[in-house]
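Coordinate analysis (summary)
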Amino acid sequence: MKGNILIVDDEPHILKTMSIGLKALGYDVTAFEEAEAALREIDKDIFGAISYDVAFLDLMMFPMNGITLMQELHRRMPEVTIVIITAHGTVETAVSAMKLGAYDYLQKPFELRELTEFTERVMRSRVLQAGSRTSNEIITQNPTYLGVLRMAERVANSQLAILIEGETGTGKELVADFIHKNSDRAAKPIVKLNCAALSAELVESELFGHAKGAFTGAMKDRTGRVEAADGGTLFLDEIGEMPPAIQAKLLRFLQSREFQRVGENQTRFSDVRIIAATNRNLEDAIQRGEFREDLFYRLSGVRLLIPPLRFRKEDVFPLADKFAASTAKGKPSPELSNEVKTALLEYDWRGNVRELENTMLRATVLAGERRMIELQDLPEHIGSRRTNSEHAFLSETNGASALRSLEEVERDHIAQVIGKTSSLEEAARVLKIDSATLWRKRKKYLL
């Protein structure tokens, strides 16, 4: 069989048509008229033998609709690719479902040829994503992150500028690499520039290049990143730190694809695809006058938000195993003790994947020849190994630094409620705010 497909639709003729067509292509098809029946069958499978590659879910079902069923399926099968089946009048809702984790939508009525071509494309997409998740790059089982990757792949071949948002250490650069490798520009280079690491003068020179003698130390002509990336991708990391004067010049380049090297009058052209990344809330920076609003809209043709590691705890062990194996350099990597597993899961990982990588590097080195990483191999602040007197001493000496701002408390509380509720609507009810307010706060805090 080419793959396992689940179909849930309360229209019997849709089920029959889809089942016949997809079985003729060589797929193993399971069909249900009720969402609850599909979940009951999956829940009976205590050994996990049931596994679907793709699930086609009708949007308008009763009493459980397609979006609720999608969320339930993702809890049970994080790897399944969800396609929403929708009628003409509900396309807008189907698009909203994509933001919640659906891969795509299929609009009724559809012809058999359209269904088969659509299904083959979805299956090809799964193969590409599986390759990226099992490579040395992105590892995730988290439905939200998988949804980000699906959207990234869908827009990879477009000319849209992409803004990747997320906390420091979440792997924004890896997502940029993923987009480039899945684009029709993959044969050309992806050129990178960290905007926070350089002064205003050097940012302009690195971005656009300079002519010999343009400034002190300019001993020869230099090609900038924009020119070097011609035909490929330019990744601008920490775009929120770009000096205002350079923001204006970048905006002009985005509008015309033309630029001049520093100290030169010759106008040059470069065909590049722009991907930018930031750990800042650029909309707040706009309000403070620190970032140009027109540049923000130019850069955010598509916005991808990378979830922090504390909201994708299912990824902690696979990532820890990967980092331990890479540190072992070909030797058998040590396993994690139960105490270490508990500590890794309970820790908040404010430094995200980068902090986990550094933690596992240290732990593997300290474990030495032992086959097991123990609690003693972790940094002091991960896991609870201090005595009561030590905690009391630390509380007295570090009390001031432990105080937190109102915004930090609010952000963490909202994040906790979202993580413990089944939907954003339920989270809003628990927080006693409306959905629009919750949406604004999620944007503000990059949740």
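Treat the numbers as computed from the prediction; the structure is a model and nothing was measured.

With that out of the way, let us pick up the packing of aromatic side chains. Aromatic ring pairs are defined here through the distance separating the ring centres and the angle between the ring planes. A full pass over the atoms with the stated rule returns six aromatic pairs. Judged by centre distance (5.3 Å) and plane angle (65 degrees), the ring pair of F296 and Y297 falls under edge-to-face. Take F296: its relative accessible area is 3%, and that puts it in the buried class. Among the aromatic residues, those joined into a ring-pair cluster are F208, F253 and F259. R310 extends its terminal NZ or CZ atom over the ring of F311, reaching a point 5.3 Å from the ring centre. The aromatic ring of F317 is capped on one face by K341, whose charged end is 5.9 Å from the ring centroid.

A separate point is the side chain of S300. Locating S300 in the fold gives a position in the loop between α12 (293-299) and β14 (302-305). Polar side-chain contacts of S300 include one of 2.7 Å to the backbone oxygen of F296.

Here the focus is the sheet that holds strand β4 (residues 81-86). Strand order in the open sheet formed by five strands is β2-β1-β3-β4-β5, and the pairing between neighbours is parallel. The outermost strands of the open sheet, each flanked by one partner alone, are β2 (28-32) and β5 (104-107). With direction set aside, neighbouring strand axes in the sheet form an average angle of 20 degrees. Bridge count between β4 and β5: four bridges; the pairing is parallel. Opposite I84, over in β5, you have Y105 as the bridge partner.

The next thing to look at is the layout of surface pockets. For the second largest pocket, the calculated volume is near 380 Å³. Around the second largest pocket, the lining is made up of 20 residues, and of these G169, T170, G171, K172 and L174 lie nearest the centre. Counting only elements with at least two residues in the lining of the second largest pocket, the list comes to α7 (172-181), α13 (316-328) and α15 (352-367). When its residues are assigned to classes, the lining of the second largest pocket shows seven nonpolar, four polar and nine charged.

Contact geometry of helix α2 (residues 35-44) with helix α3 (residues 66-76) gives a least axis separation of 11 Å together with a crossing angle of 10 degrees. In terms of their interaxial angle, α2 and α3 are classed as roughly parallel. Facing A35, L39, I42 and D43 of α2, the residues of α3 in contact are L69, E72, L73 and R76. Its residues assigned to classes, the contact of α2 with α3 shows five nonpolar, no polar and three charged.

Strands belonging to one sheet form pairs held by backbone hydrogen bonds; the direction of such a pair is parallel or antiparallel. Pairing within the open sheet is parallel, and its five strands lie in the order β7-β10-β13-β6-β14. The open sheet is flanked by β7 (190-194) and β14, the only strands paired with a single partner. In this sheet, neighbouring strand axes are inclined to one another by 20 degrees on average, regardless of whether the strands run parallel or antiparallel. Here strand β6 (residues 162-165) pairs with β14 via four bridges, running parallel. Looking across to β14, one finds that I162 is bridged to V302. Together, β6, β7, β10 (233-237), β13 (273-278) and β14 form the strand contacts of α7, whose direction differs from that of β6 by roughly 150 degrees.

Quick notes on the rules
- Residues numbered from 1 in each chain as written.
- Predicted model: local features only at pLDDT ≥ 70, side-chain atom pairs only at ≥ 80, totals over all residues.
- Heavy atoms only, no water.
- Phe/Tyr/Trp six-rings, centres within 6.5 Å; stacked < 30°, edge-to-face > 60°.
- Buried < 20%, exposed > 50% of the residue type's maximum accessible area, 1.4 Å probe, protein only.
- Lys NZ or Arg CZ within 6 Å of the ring centre and 35° of its normal.
- Helix = DSSP H or I, 4+ residues; strand = E, 2+ residues; numbered from the N terminus.
- Polar contact = N/O pair within 3.5 Å; in protein donor to acceptor, adjacent residues only side chain to side chain.
- Pairing = 2+ DSSP bridges.
- Axes fitted to C-alpha atoms, helices over the stretch in contact; angles between N-to-C directions.
- 1 Å grid on protein atoms, 1.4 Å probe; cavity = no way out; pocket = protein on both sides within 12 Å on 5 of 7 lines; lining within 4 Å.
- Points joined across faces, edges and corners; volume = space filled by probe spheres on them.
- Nonpolar A, V, L, I, M, F, W, Y, C, P; charged D, E, K, R; others polar.
- Parallel < 35°, antiparallel > 145°, perpendicular 65-115°, else oblique.
- Contact = heavy atoms within 4.5 Å.

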